[in-house]
Structure formats: structure tokens, C-alpha cells
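Letter by letter, the chains look like this.
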Amino acid sequence: MGGQTTPIAVAPLRIGDTEIERVVDLDRFELQLRWLFPNADPAALEADRHWLEPAFMQGETVGLSIHSTILRIDGRIVLIDTCVGEHKPRPRHAAWNERPATPYLARLAAVGLRPEDVDVVLCTHLHADHVGWNTRLVNGRWVPTFPKARYLIGRAELAHWQERLRRQPEGEVNHGSYADSVLPVIDAGMVDLVESDHEIANGLVVRALPGHTPGQVGLSLRRGDAGGLFVGDAIHHPVQLVRPDWSSSLCADPDQARITRQGFLAEAAERGAWLLPAHFIGVTGMRIRRRGDGYAPVEA
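These figures come from a predicted structure and were not determined experimentally. Just so you know, the residues in each chain are numbered from 1, in the order the chain's sequence is written. Reporting of local features is limited, given that this is a predicted model, to residues whose pLDDT is at least 70; pairs of side-chain atoms are given and counted only at 80 or more, and all residues count toward the totals for whole chains, interfaces and linings. No hydrogens and no water enter the side-chain calculation; it runs on all heavy atoms of the structure.

Enquirer: How would you explain helix H4 (residues 155–167) if you had to name every residue and give the values?
Expert: Residues lying three or four places apart along an α-helix face the same way, a consequence of the helix completing one turn every 3.6 residues. A helix here means a DSSP run of H or I that spans at least four residues, while a strand means a run of E at least two residues long, and both kinds are numbered starting from the N terminus. Given the number of residues in a helix, its expected span is that number minus one, multiplied by 1.5 Å. The end-to-end C-alpha distance of H4 is 18 Å, a good match for the 18 Å that 13 residues give at a rise of 1.5 Å each. Burial classes: relative accessible area under 20% of the type maximum marks a residue as buried, over 50% as exposed, and values in between as partly exposed (1.4 Å probe, protein chains only). Within the span of H4, buried status applies to Glu157, Leu158 and Trp161. Axial view of H4: buried residues confined to an arc of 95°, hence all on one face. Of the exposed residues in H4, those oriented more than 90 degrees away from the buried face are Arg166 and Arg167. What makes two residues a contact is simply this: any of their non-hydrogen atoms within 4.5 Å. For H4, the elements touching its buried residues are strand E10 (150–154), helix H5 (177–187) and strand E11 (191–194). Directions from the helix axis toward the C-beta atoms define the arc.

Below, the structure written as C-alpha cells:
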């Protein structure tokens, strides 16, 4: 697909004429397998440890990253998910809390981009680790980081969290990220609400991916005979290729998350499309093949 032969892309990736690369905010964090996936059975992974270890897991510890994905398409810059951010009060997550002087903007510059170069920011969903760099702190105020961008948010996703806020007006919605990372871009008039089938560029279309959150969205890319699926947190870790039925402890509706995941994994394998998730450590994209009841990288 797109002239690529390797099944796992760890560097910039080209799908058709679209250039894709990652900008990493948090290089690696680790979780226990059975905390992230309550139904996990480590024995089910034994036949796949030759490709899962050590890059993606070690023993019963899984590694993830937090990164944005950049698309250069039709002369526009599309940035998917804005990670954790800086100076955000997240006391329940020490690694996210009040982060100073992170390398995120320098890494953006390293791929040749300034914040003002970004045309579109897609928030696949509104969890704190996907919206943090929507804003940055300037003179005590949260201001949009990408001043010329349109911020795209799923209509159903925003409605869900606004309803949560209405029911719990004194509550902390998504670790406080609604207040410091979502509301400021809404108030600035920079948000467009989107639904499934909204076309961002030729062949780049929003698709619904419910389950992890009620209104999560991703993107489907078709450029000639090449394709890609940008799936946010509809899949968290490569062990879910082996066991697509394992939904994470973070999913609002685990059954719906499983149905969503099984659907796009089958599509990616059948089409030979690149799979581009939000948390696969060290990976820009991955091509997969069906194997038994699950999947594996094409050459694994």
C-alpha cells in the first residue's frame, strides 16, 4: 500500500500522496496488562510474544505512548489528537500533572511545523490525554495553541460531556480538561462539530468509533489504491490484535468498543489499509493480517 513494504512504520509514512508522521508528547508509560484489560489471560499471548516483546510489552507490563498524528494532505496540515499538554493540573496522574517545559512544540518544529501552520485539529474524543495541547497557558489564560486551526469535535462526543457537566456542575470533567482544554477553543469560536461522513479533504472522512467514549470518532483515508484508518483509542495496544475481544478498563461501553474494534480490524485486514492508533509505542502505522480469531502484523 502506498509503496510501503514493511508492515510496521516507525518513521514518517506515506499513504498515496499523503505524508504522515507522529509528534510524541509522552514517550512511554507502562501499565499492568490485567489492569488495562480486566479480562486478559496472559497465556493467550504466548504464541505472539516473539513480536510483542520487547517493543510493546515485557512480561505482564504493557507499554504505550501518547502522540499526535500529522497528515500533510492537499496542501493542508491535519493534526489528530493533542495529547496531555503543559501546566495542566492533573493531580490524579503524576506524569501528566503541571508538566513544565516539555519537548512537544520542539518536536513539532522538528517536523517542520509551527502551531500556526496547522489547519485542522481533530479531537477523536475528549479525554484529557487527547485534548491537552488544544490550549497553552499565556499570561495566566488558556489560549488556543493552534491559532489558525479549526478544531473538529464529534457532535455526540461534545454533547455527552456537556451533559455530564450539566449534571455535575461542580464536578471535575475529564480531570478538569473540559475547562482548560475544550471550553477555551469553543469560546474562541474555533470549534466545528462533525458527524460521520464529514469530509475534511479529498478521501479523508470522519467515521464514528463509539465504545471507548460514546461519541469517539476517527478518520478513514483513501488515496487511490492506498488507505489508512486513524482509530484513536478504539484500540489501545497491540495485544488487542491478538484478542480483539479484550476491551480496556477505560472504555465507557466495553461491548460496543469490542464491536467497533472487530469491525475496523476486519476492514483493515481485508483492504490492506494501514492501522494508525493513538497509543502504539514507537509506531506510526501498522498493516495487519487475519490469523485465527485475531490479527497480527503482516509479516509477524
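Following the structure, the description resumes.
Enquirer: Summarise the packing of H4 against H5; cite the residues concerned and give the values.
Expert: Two elements in contact, H4 and H5, have axes separated by 13 Å at closest approach and are oriented at 120°. Accordingly, the angle class assigned to the pair H4 and H5 is oblique. At the point where H4 passes H5, the crossing takes the left-handed sense. Contact residues: Leu158, Trp161, Gln162 and Leu165 in H4; Tyr178, Val182 and Ile186 in H5. For every element, the axis is a line fit to its C-alpha atoms; helices are fit only across the contacting stretch, and the angle between N-to-C directions ranges from 0 to 180 degrees. For classification purposes, angles smaller than 35 degrees are called roughly parallel, those larger than 145 roughly antiparallel, those between 65 and 115 roughly perpendicular, and all remaining angles oblique. Left-handed describes a crossing in which the near helix is turned anticlockwise from the far one by less than a right angle; the clockwise case is right-handed.

Enquirer: Report on the nonpolar core, specifying residues and quantitative values.
Expert: Side-chain atoms within 4.5 Å link the members of a nonpolar core, which is a set of buried Ala, Val, Leu, Ile, Met, Phe, Trp, Tyr and Cys residues. Ranked by size, the top nonpolar core spans 32 residues in total, and within it Leu126, Phe146 and Tyr151 carry the most contacts. Of all the secondary structure elements, the ones that give two or more residues to this core are strand E3 (18–32), strand E5 (61–73), strand E6 (76–80), helix H3 (104–110), strand E7 (120–123), E10, H4 and H5. Excluding its chain neighbours within four sequence positions, the residues that come into contact with Leu126 are Val131, Ile153, Glu157, Leu158, Trp161, Asn174, Ser177 and Val182. Counting 31 residues, the second largest nonpolar core, distinct from the first, contains Trp51, Val239, Ala268 and Phe280.

Enquirer: Could you give an account of the pairing of strand E14 (residues 217–223), naming the residues involved and the relevant values?
Expert: Burial analysis of E14 places six of its seven residues in the buried class, which makes it a mostly covered element. Only when DSSP finds a minimum of two bridges between them are two strands counted as paired. The pairing of E14 with strand E15 (residues 226–232) spans five bridges and is antiparallel. Looking at E15, one finds that Ser220 is bridged to Leu229. Hairpin remark: E14 followed by E15, antiparallel, with two residues in the connecting loop; positive phi at Gly224, about 65°.

Enquirer: Please set out helix H7 (residues 254–271) residue by residue, giving values where relevant.
Expert: In this model H7 runs 26 Å from its N-terminal to its C-terminal C-alpha over 18 residues, within 8% of the 26 Å that 1.5 Å per residue would give. The complete set of buried residues in H7 reads Ala257, Thr260, Arg261, Phe264, Leu265 and Ala268. What you see down the axis of H7 is that its buried residues fit within an arc of 125°, all on one side. Where H7 is buried, its residues touch strand E13 (204–208), E15, helix H6 (239–242), strand E16 (274–277), strand E18 (288–291) and strand E19 (294–297).

Enquirer: For the side chain of Glu86, give the residues involved together with the corresponding values.
Expert: Within the secondary structure, Glu86 is located in the loop between E6 and H3. His is not counted here, nor are the chain ends, while Lys and Arg score as positive and Asp and Glu score as negative. One side-chain nitrogen of Lys or Arg within 4 Å of one carboxyl oxygen of Asp or Glu is enough to make a salt bridge. Here Glu86 sits buried without a salt bridge, and the closest side chain of opposite charge, Arg99, lies 6.9 Å off (N-O distance). In this structure the side chain of Glu86 is engaged in a polar contact, spanning 2.6 Å, whose partner is the backbone nitrogen of Thr102. Not counting chain neighbours up to four residues away, the residues in contact with Glu86 comprise Arg99, Pro100, Ala101, Thr102, Trp133 and Trp142. Identification of polar contacts relies on pairs of N or O atoms within 3.5 Å, with a donor-acceptor requirement for protein atoms, meaning one able to donate a hydrogen and the other able to accept it, and with residues adjacent in sequence counted only if both atoms are side-chain atoms.

Enquirer: Can you explain the environment of Arg34? Please cite residues and give values.
Expert: Tracing the sequence through the fold places Arg34 in helix H1 (residues 33–36). Looking at Arg34, the relative accessible area reads 47%, which means it is partly exposed. Distance in space between the C-alpha atoms of Arg34 and Ser249 is 9.0 Å, their sequence separation being 215 residues. Not counting residues within four places of it along the chain, the set of residues in contact with Arg34 comprises Ala40, Pro42 and Glu60. A polar side-chain atom of Arg34 sits 3.2 Å from a polar atom in the side chain of Glu60.

Enquirer: Outline the packing of aromatic side chains, supporting the account with residue identities and numerical values.
Expert: A pair of Phe, Tyr and Trp rings is counted when the ring centres sit within 6.5 Å of each other, with Trp represented by its six-membered ring. The angle between the planes then sorts it: under 30 degrees is stacked, over 60 is edge-to-face, the rest tilted. One pass over the full model with this rule turns up three aromatic pairs. Both rings, one in Phe37 and one in Trp246, keep their centres 6.4 Å apart while their planes meet at 35°; by these two values the pair is tilted. Pair noted here: Phe37 is in the loop between H1 and helix H2 (49–52) and Trp246 is in the loop between H6 and H7, with a separation of 209 residues, a long-range link. The exposure classification of Phe37 matches that of Trp246, with both residues buried. Lysine NZ or arginine CZ positioned within 6 Å of the ring centre and within 35 degrees of the ring normal marks a charge as sitting over the ring. Across from the ring centre of Trp142, 4.7 Å away, lies the NZ or CZ of Lys88, which sits over that ring.

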